[in-house]
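The primary structure of each chain is shown beneath.
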Amino acid sequence: MISKNRADNRKMKENEIFEKAPVSKAYFTMALPVVLSMVVSLIYNMVDTYFIAGTGNTDLVAGVSLGAPVFTLMIALGDIFGLGGSSVISRMCVFCFYAAILCGILVIIIMLAFRMPILHMLGADEDTLCYASAYYTGIVIGAPFIILSFTPSNLLRTEGFAKASMV
């Protein structure tokens, strides 16, 4: 019974943080999980690069590195639907999920259609083009899943459940 009351009090504190806590405490309580989430995404990209660097092929590492901005774009698109959709979550949650999937499909179509110009714009050359293209294609084909995976965490975060979002 006592632990249930503590849990209820903790929930109440999380829900009322902006009403009762100082702005700086509320800001860091909500911002820390967001920052940690972004750090995890960066670590994911660094781990990719680390293991590929183990091959000793610098062109392969460059190809993967050239795909990093594409992954960042998909994070941003997931943020758009997750953060933007949260303000009307009660009516728009399902729309956000379907829109994220549709956006991912559109990203696949557009980014595959313009693969070579985009890779050249990102800096791919003769040595890195085949590796960058292979990594780029994998990321682009995963676009609906990548974009959709960021939508629920951002919906949770903006509803005040930053810790659940981080998990």
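The structure presented is a predicted model; accordingly, all values stated were derived computationally and were not measured.

1. Some thoughts on the overall build of the chain
Okay, so step 1: Each helix and strand counted, the chain has nine helices and zero strands in total.
Okay, so step 2: Mapped in sequence order, the helices and strands of the chain form the string α-α-α-α-α-α-α-α-α.
Okay, so step 3: Residues classed as buried in the chain amount to 35% of the 167 residues present.
Okay, so step 4: Considering only contacts in the chain between residues 6 or more positions apart, those separated by 24 or more positions represent 72%.
Okay, so step 5: Counting every atom, the chain has about 10,500 Å² of accessible surface; 71% of that belongs to carbon and sulfur.

2. Looking at the packing of aromatic side chains
A ring pair, where both rings are aromatic, is described by two values, the distance of the centres and the angle of the planes.
Okay, so step 1: Here the structure, examined in full by the defined rule, presents two aromatic pairs.
Okay, so step 2: Residues Y50 and F51 carry aromatic rings whose centres are separated by 5.3 Å and whose planes lie at 80° to one another, so their mutual orientation is edge-to-face.
Okay, so step 3: F51 gets classed as exposed once you look at its relative accessible area, which sits at 60%.

3. A word on helix α3 (residues 23–53)
Okay, so step 1: Compared with an ideal rise of 1.5 Å per residue, which puts 31 residues at 45 Å, α3 spans 44 Å between its outermost C-alpha atoms and is within 8% of the ideal.
Okay, so step 2: Of all the bends in α3, the largest measures some 30° and sits at A31, one to four residues before the proline P33.
Okay, so step 3: Every buried residue of α3 is accounted for by A26, M30, A31, P33, S41, N45 and I52.

4. Overview of the confidence of the model for the chain
Okay, so step 1: The share of residues in the chain with pLDDT of 70 or more is 86%, and the mean pLDDT across the chain is 81.
Okay, so step 2: Taking the mean pLDDT of every element in the chain, the minimum, 53, falls on helix α1 (residues 2–15) and the maximum, 95, on helix α6 (residues 115–122).

5. As for the packing of helix α7 (residues 129–141) against helix α8 (residues 143–158)
Okay, so step 1: Where α7 meets α8, the closest approach of the two axes is 4 Å, and the angle between their N-to-C directions is 55°. Considering the angle they form, α7 stands oblique to α8. Residue-level inspection shows I139, V140 and I141 of α7 in contact with α8, the latter providing A143, P144 and I146.
Okay, so step 2: Its residues placed into classes, the contact of α7 with α8 shows six nonpolar, no polar and no charged.

6. Notes on the environment of F145
Okay, so step 1: On the secondary structure map, F145 appears in helix α8.
Okay, so step 2: Separated by 71 residues in the primary sequence, F145 and M74 have C-alpha atoms spaced 9.6 Å apart.

7. Thoughts on the side chain of N154
Okay, so step 1: Within the element layout of this structure, N154 appears in helix α8.
Okay, so step 2: Discounting residues that sit within four places of it in the chain, N154 has contacts with G78, D79, G82, L83 and S165.

8. Quick notes on the packing of α6 against α7
Okay, so step 1: Relative orientation of the contacting elements α6 and α7 amounts to 115°, with a least axis distance of 11 Å. Of the two elements, α6 crosses α7, and the hand of that crossing is right-handed. Contacts between α6 and α7 involve R115, M116, I118, L119 and H120 on the former and, on the latter, L129, A132, S133, Y136 and T137.
Okay, so step 2: Of the residues belonging to the contact of α6 with α7, the class tally is six nonpolar, three polar and one charged.

Conventions used here
- Residues numbered from 1 in each chain as written.
- Predicted model: local features only at pLDDT ≥ 70, side-chain atom pairs only at ≥ 80, totals over all residues.
- Heavy atoms only, no water.
- Helix = DSSP H or I, 4+ residues; strand = E, 2+ residues; numbered from the N terminus.
- Buried < 20%, exposed > 50% of the residue type's maximum accessible area, 1.4 Å probe, protein only.
- Contact = heavy atoms within 4.5 Å.
- Areas by Shrake-Rupley, 256 points an atom, 1.4 Å probe, with all protein chains shown as cover.
- Phe/Tyr/Trp six-rings, centres within 6.5 Å; stacked < 30°, edge-to-face > 60°.
- Expected span 1.5 Å × (residues − 1).
- Bend = angle between axes of the 7 residues up to and from the residue.
- pLDDT = per-residue confidence, 0-100.
- Axes fitted to C-alpha atoms, helices over the stretch in contact; angles between N-to-C directions.
- Parallel < 35°, antiparallel > 145°, perpendicular 65-115°, else oblique.
- Nonpolar A, V, L, I, M, F, W, Y, C, P; charged D, E, K, R; others polar.
- Left-handed = near helix turned anticlockwise from the far one by under 90°.

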